[in-house]
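For reference, the chains in residue letters:
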Amino acid sequence: MKQYIIRRVLISLVVLLGVSIMLYTLVRSMPSDYVDLSTSANVKMTDEMRAHLREIYGLDKGIVEGYIDWLTSALRLDLGQSLIFNAPVTDVIGRYAGVTFTVAAIALVLQLLIAIPLGILAARKQYSATDYIITGLVFLGLSLPTFFFAAVLKRIFGYYGLDLLPISGMLTARVTYPDHMTWAKFLDYAQHLILPITVFVITGLGSMLRYTRTNMLEVLNADYIRTARAKGVPEHRVIYSHAFRNTLIPIVTLLGASLPGLFSGAAISESLFAIEGLGNIGLKAANMGDVPYLMGYNMLLAFLTIVGYLLSDILYAVVDPRVRLS
């Protein structure tokens, strides 16, 4: 196990290097840079002034030279200065990561609590009305575009006079709260996060539920399950002790892939609900050509992806003793 992890870490470093090269090349190949986008409305800005600003921001260098400078700084854990925030990228990520992680982590837990029991129930009652209803919900969740579902919820709760839930922001603008957390402030946060979390859960529920149902059906048709039932083992023990343990393997794979999804999947939802999280900030940075933040944010996603799949491989051996990492 130790040798396997060391090899995977070394390979991961090479992968991260390749990803950083591709990302930097793509970001610097955008048709407009930060200087063009931020000064487009200023009619007094001359080409000489723009060239001077590019020199200040380090955008006057070529892709190769600029990448070498970025990599040298990154190896010292310095991801540069965000152009739109005029602050270190690490500080910006640290400031907004908590919001994104909180929303997405709560959504992920709710997805597991809903998808696993419903997937098991659909597999146990295959081809029944219950199975068809659950399968229909799966296809509904897979087919709903995030922006469309969010717009529907905002229309229902914000424009039809219901006024039950806030549809944007993190706190009520007309209410002044102290800097520290209070019960009223916590409830206000919770109310503002209900709709974004609902969008996360419904649009991400389908794949996990489908995986659980499909693999549970496969396991329930295995010989050892029929043998356990023939021996008179109680049905709940057959399902949750024997069958479910083997169903956990594909679920573990999904959980590993969900780690980067906690941060990357939030861009659309956060922007639609005006939540100041990493995804929303990343979208603004892409629109403004903020190279340092885009590099820092995307490298964070790449790092989380590698860590997520490494954790999945390690958890395989925990879930299934037949798996040996070597």
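Look up a bit, the structure's there.
Here goes a summary of the coordinates provided. (Residues numbered from 1 in each chain as written. Predicted model: local features only at pLDDT ≥ 70, side-chain atom pairs only at ≥ 80, totals over all residues. Heavy atoms only, no water.)

## A word on the overall build of the protein chain
Here comes step 1: For the protein chain, the count of helices and strands is 13 helices and two strands.
Here comes step 2: The proportion of buried residues among the 326 residues of the protein chain is 40%.
Here comes step 3: The long-range share in the protein chain, meaning contacts at least 24 apart out of those at least 6 apart in sequence, stands at 71%.
Here comes step 4: Measuring between centres, the 26 positive side-chain charges of the protein chain sit 13 Å from its 22 negative side-chain charges. (Helix = DSSP H or I, 4+ residues; strand = E, 2+ residues; numbered from the N terminus. Buried < 20%, exposed > 50% of the residue type's maximum accessible area, 1.4 Å probe, protein only. Contact = heavy atoms within 4.5 Å. Lys, Arg positive; Asp, Glu negative; His and termini not counted. Charge placed at Lys NZ, Arg CZ, Asp CG, Glu CD.)

## A short note on a nonpolar patch on the surface
Here comes step 1: Side chains of Ile106, Val109, Leu110, Leu113 and Ile114 sit close together on the surface and give an oily, nonpolar patch of about 400 Å² of accessible area.
Here comes step 2: Within the secondary structure, Ile114 is located in helix H5 (residues 89–124). (Patch = residues over 30% accessible without salt bridge, like charges linked within 9 Å, V, L, I, M, F, W, Y side chains within 5 Å. Areas by Shrake-Rupley, 256 points an atom, 1.4 Å probe, with all protein chains shown as cover. Salt bridge = Lys/Arg side-chain N within 4 Å of Asp/Glu carboxyl O.)

## What about the layout of surface pockets?
Here comes step 1: Here the largest pocket is characterised by a volume of approximately 460 Å³.
Here comes step 2: Taken together, 15 residues make up the lining of the largest pocket; nearest its centre are Leu16, Trp70, Ala74, Leu79 and Met299.
Here comes step 3: Secondary structure elements with two or more residues in the lining of the largest pocket: helix H1 (2–28), helix H4 (63–75), H5 and helix H13 (291–319).
Here comes step 4: Considered class by class, the residues forming the lining of the largest pocket number twelve nonpolar, three polar and no charged. (1 Å grid on protein atoms, 1.4 Å probe; cavity = no way out; pocket = protein on both sides within 12 Å on 5 of 7 lines; lining within 4 Å. Points joined across faces, edges and corners; volume = space filled by probe spheres on them. Nonpolar A, V, L, I, M, F, W, Y, C, P; charged D, E, K, R; others polar.)

## What to know about the packing of aromatic side chains
To describe a pair of aromatic rings, you give the distance between the ring centres and the angle between the ring planes.
Here comes step 1: Enumeration according to the criterion identifies six aromatic pairs in this entry.
Here comes step 2: Measuring from ring centre to ring centre gives 5.9 Å for Tyr293 and Tyr297, while their planes differ by 10°; the resulting arrangement is stacked. One end of the pair, Tyr293, and the other, Tyr297, are both in helix H13, four residues apart, so they sit about a helical turn from each other.
Here comes step 3: By relative accessible area, Tyr293 is classed as buried at 0%.
Here comes step 4: An aromatic cluster is built from Tyr24, Tyr67 and Trp70, whose rings are joined through pairwise contacts.
Here comes step 5: Directly above the ring of Phe273 sits Lys154, whose terminal nitrogen or CZ lies 6.0 Å from the centroid. (Phe/Tyr/Trp six-rings, centres within 6.5 Å; stacked < 30°, edge-to-face > 60°. Lys NZ or Arg CZ within 6 Å of the ring centre and 35° of its normal.)

## Quick word on the nonpolar core
Here comes step 1: Counting residues in hydrophobic clusters, the biggest one holds 30 residues, and the most contacted among them are Trp70, Leu278, Tyr293 and Met295.
Here comes step 2: When contributions to this core are tallied by element, the ones reaching two or more residues are H1, helix H2 (34–39), H4, H5, helix H12 (278–288) and H13.
Here comes step 3: At nine residues, H13 tops the list of elements feeding residues into this core.
Here comes step 4: Judged by nonpolar contacts, the second largest core, of 19 residues, contains Leu153, Ile197, Val201 and Phe273. (Core = buried A, V, L, I, M, F, W, Y, C linked by side-chain atoms within 4.5 Å.)

## Focus: the side chain of Ser20
Here comes step 1: Its place among the elements puts Ser20 in helix H1.
Here comes step 2: The exposure class of Ser20 is buried, given its relative accessible area of 2%.
Here comes step 3: At a separation of 2.7 Å, a polar atom in the side chain of Ser20 contacts the side chain of Tyr67.
Here comes step 4: Ignoring sequence-local partners within four residues, the contact set of Ser20 consists of Tyr67, Trp70, Met295 and Met299. (Polar contact = N/O pair within 3.5 Å; in protein donor to acceptor, adjacent residues only side chain to side chain.)

## Digging into the packing of H5 against helix H6 (residues 129–143)
Here comes step 1: It is at 8 Å that the axes of H5 and H6 come closest, and there the two elements cross at 140°. It follows that H5 is oblique to H6 by the angle criterion. Here the hand of the crossing between H5 and H6 comes out left-handed. Taken together, the residues of H6 that come into contact with H5 (itself represented by Leu118, Leu121 and Ala122) are Thr130, Asp131 and Ile134.
Here comes step 2: Of the residues that constitute the contact of H5 with H6, the class distribution is four nonpolar, one polar and one charged. (Axes fitted to C-alpha atoms, helices over the stretch in contact; angles between N-to-C directions. Parallel < 35°, antiparallel > 145°, perpendicular 65-115°, else oblique. Left-handed = near helix turned anticlockwise from the far one by under 90°.)

## Looking at the pattern of salt bridges
Here comes step 1: For the structure shown, the criterion picks out eight salt bridges.
Here comes step 2: Residues Arg54 and Asp36 are paired through a salt bridge, measuring 2.6 Å at the closest nitrogen-oxygen approach. On the criterion of sequence distance, the pair formed by Arg54 in helix H3 (residues 47–57) and Asp36 in helix H2 is long-range, its members being 18 residues apart.
Here comes step 3: Judged by relative accessible area, Asp36 falls into the partly exposed class, the value being 27%.
Here comes step 4: One connected set of salt bridges, linked through shared partners, spans Asp33, Asp36 and Arg54.

## Some thoughts on unusual backbone geometry
Here comes step 1: Positive phi values are uncommon outside glycine, yet Asn86 reaches one of about 50°.
Here comes step 2: Tracing the chain through its elements places Asn86 in the loop between strand S1 (81–82) and strand S2 (87–88).
Here comes step 3: A relative accessible area of 62% places Asn86 in the exposed class.
Here comes step 4: For Tyr127, which is not glycine, the phi dihedral falls at a positive 65°.
Here comes step 5: Inspection of the secondary structure puts Tyr127 in the loop between H5 and H6.

## Looking at the packing of H5 against H12
Here comes step 1: Direction vectors running N to C along H5 and H12 enclose 130°, while the axes themselves pass 8 Å from each other. By the angle class used here, H5 and H12 are oblique. From H5, Val92, Ile93, Tyr96, Ala97 and Thr100 reach across to H12, where they touch Leu278, Gly279 and Ile281.
Here comes step 2: Looking at the contact of H5 with H12 residue by residue, the classes come out as six nonpolar, two polar and no charged.

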